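The chain contents come next:
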Amino acid sequence: MLKELVGRSADDAEFPEGTDLRAVFESYALRYPALREMARSIVMARNREFAELSTKLAEGDEVAFLPPVSGGASAAGTLEAFENGNYFALTRQAIDPRAVIVRLQTGAEGAVVTFEGTVRNNTAGRRTLCLDYEGYESMALKIMAQIGREISGAREVGRVAIVHRLGRMLIGETSVAVIVTAPHRRPAFEAALEGIDRLKKVVPIWKKEHFEDGEVWVEGEWDRHVVPVAQ
């Protein structure tokens, strides 16, 4: 959404020593006034972590302007992370849940719960043709791993996998999979639900929906712990 608004996905800039994120936002809002109109929904990130506007910048910092995620890798393949047996990935290939389960299983699990988010053929009665997903990929993978780490540490589960697809998806295709192994079924179900709920609110991945009569970036809501530029 913001990329289309300003006509680019990235920019190199120099700021005086001691500049904070608020000053960075203000400098771009002067160039692109529509950013100020969206300030209540934009959050800022510094070096792939959500950050307060008072955060000071250092040489070489990477700053991101993030519109609300919509729940929903290199262009050639898959970006992956492994952590204590857990698995996280962004991919432009079809998601194979069975292959992911094989990665997770140790023989100690009594339950494997798989949630798959799929592309439906309508939104509020409006016919959907296809979806496009884009993400701030390095930060998205980092937050997916954080979610999995926190879930596996707080619940009686074995391993967690979260895989999200990027690019063009057709009706019926899987856009995201959350898979949890556990000794017993209830913790596995609860962990899978927590995983997808948290992903939809904090992982920087955005969805464009294509209809017969137009297209739109789907704007969701940030988690209550994420602070937008304007209150």
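Since the model is a prediction, treat every value here as computed from it, not as a measurement. (Residues numbered from 1 in each chain as written. Predicted model: local features only at pLDDT ≥ 70, side-chain atom pairs only at ≥ 80, totals over all residues. Heavy atoms only, no water.)

Caption draft 1: Region of the structure containing the pairing of strand 13 (residues 214–218). Sheet topology note: the strand 12 (residues 205–211)/strand 13 ladder contains five bridges and is antiparallel. Residue pairing in the sheet places His-210 in a bridge with Glu-215 of strand 13. Linking strand 12 back to strand 13 in an antiparallel pair, the connection comprises two residues. (Pairing = 2+ DSSP bridges. Helix = DSSP H or I, 4+ residues; strand = E, 2+ residues; numbered from the N terminus.)

Caption draft 2: Geometry of the nonpolar core. If you look at the biggest cluster of nonpolar residues, it comprises 41 residues, and the most contacted ones within it are Leu-66, Ile-162 and Val-203. The dominant element in this core, judged by the number of residues it contributes, is helix 5 (residues 137–154), at eight residues. Ignoring sequence-local partners within four residues, the contact set of Leu-66 consists of Leu-2, Ser-41, Ile-42, Val-43, Ala-45, Phe-50, Tyr-136, Met-139, Pro-204, Trp-206 and Trp-222. Grouped together as the second largest cluster of nonpolar side chains are 15 residues, Leu-2, Leu-21, Ala-29 and Leu-35 included. (Core = buried A, V, L, I, M, F, W, Y, C linked by side-chain atoms within 4.5 Å. Buried < 20%, exposed > 50% of the residue type's maximum accessible area, 1.4 Å probe, protein only. Contact = heavy atoms within 4.5 Å.)

Caption draft 3: Broad picture of the pattern of salt bridges. Counted according to the given criterion, the structure contains 20 salt bridges. Its salt-bridge partner being Arg-8, residue Asp-11 comes within 2.9 Å of it at the nearest N-O pair. Classification of Arg-8 by relative accessible area gives partly exposed; the value is 38%. Note that Glu-137 and Arg-92 form a salt bridge whose closest N and O atoms lie 3.4 Å from each other. With Glu-137 in helix 5 and Arg-92 in the loop between strand 5 (86–91) and helix 4 (97–104), this pair connects stretches of sequence that are 45 residues apart. Salt bridges sharing common partners tie together Glu-150, Arg-155, Glu-190, Glu-194 and Arg-198. (Salt bridge = Lys/Arg side-chain N within 4 Å of Asp/Glu carboxyl O.)

Caption draft 4: The sheet that holds strand 5, seen in detail. With mixed pairing, five strands are arranged side by side in an open sheet as 4-5-9-11-6. Each having just a single partner strand, strand 4 (78–83) and strand 6 (111–118) make up the two edges of the open sheet. Between one strand axis and the next, the sheet turns by 5° as a mean value, whatever way the strands run. Sheet analysis places strand 6 next to strand 11 (residues 174–182), joined by eight bridges and oriented antiparallel. In the strand pairing of strand 11, Gly-117 is matched with Val-176. Seen against the sheet, helix 4 touches strand 4, strand 5, strand 6, strand 9 (160–165) and strand 11 and runs at an angle of roughly 30° to strand 11. (Axes fitted to C-alpha atoms, helices over the stretch in contact; angles between N-to-C directions.)

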